[in-house]
Amino acid sequence: MIPATVVDARGHKCPVPTLRLRKAMETAAPGARLTLLATDPMARIDAPFLMDQLGGTVIGIEEIDGVLTITVETPAAPTG
């Protein structure tokens, strides 16, 4: 399994964590995994909303000592 790209947005408030995640997704390969680290509780809502908008998938959300770890997968390459 390929390790996830880490997007560290700890210490930043909404909308910065989600904007950083979106920017990282722009250069990620189809089906790539990214892990967002955030201390803003809104990231728990904003990241899944972003995935819905962009066609990605939330793999998991964990919170340890006030740090959210949100793992997402970019949309797969279009088939066709």
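Structure's up top.
Just so it is clear, the structure is predicted and the values come from calculations on it, not from any experiment.

Caption draft 1: Structural context of the environment of P75. Counting through the fold element by element, P75 comes out in the segment after β4 (67–73). We classify P75 as partly exposed; its relative accessible area is 28%. C-alpha of P75 to C-alpha of M42: the two residues are 33 residues apart in sequence and 23 Å apart in space. Beyond its immediate stretch of four places on either side in the chain, P75 contacts M25, P30, G31, L54, G55 and G56.

Caption draft 2: Local environment of the side chain of D46. Structurally, D46 is set in helix α2 (residues 43–54). Setting aside its immediate chain neighbours within four residues, D46 contacts C14 and T18.

Calculation notes
Residues numbered from 1 in each chain as written. Predicted model: local features only at pLDDT ≥ 70, side-chain atom pairs only at ≥ 80, totals over all residues. Heavy atoms only, no water. Helix = DSSP H or I, 4+ residues; strand = E, 2+ residues; numbered from the N terminus. Buried < 20%, exposed > 50% of the residue type's maximum accessible area, 1.4 Å probe, protein only. Contact = heavy atoms within 4.5 Å.

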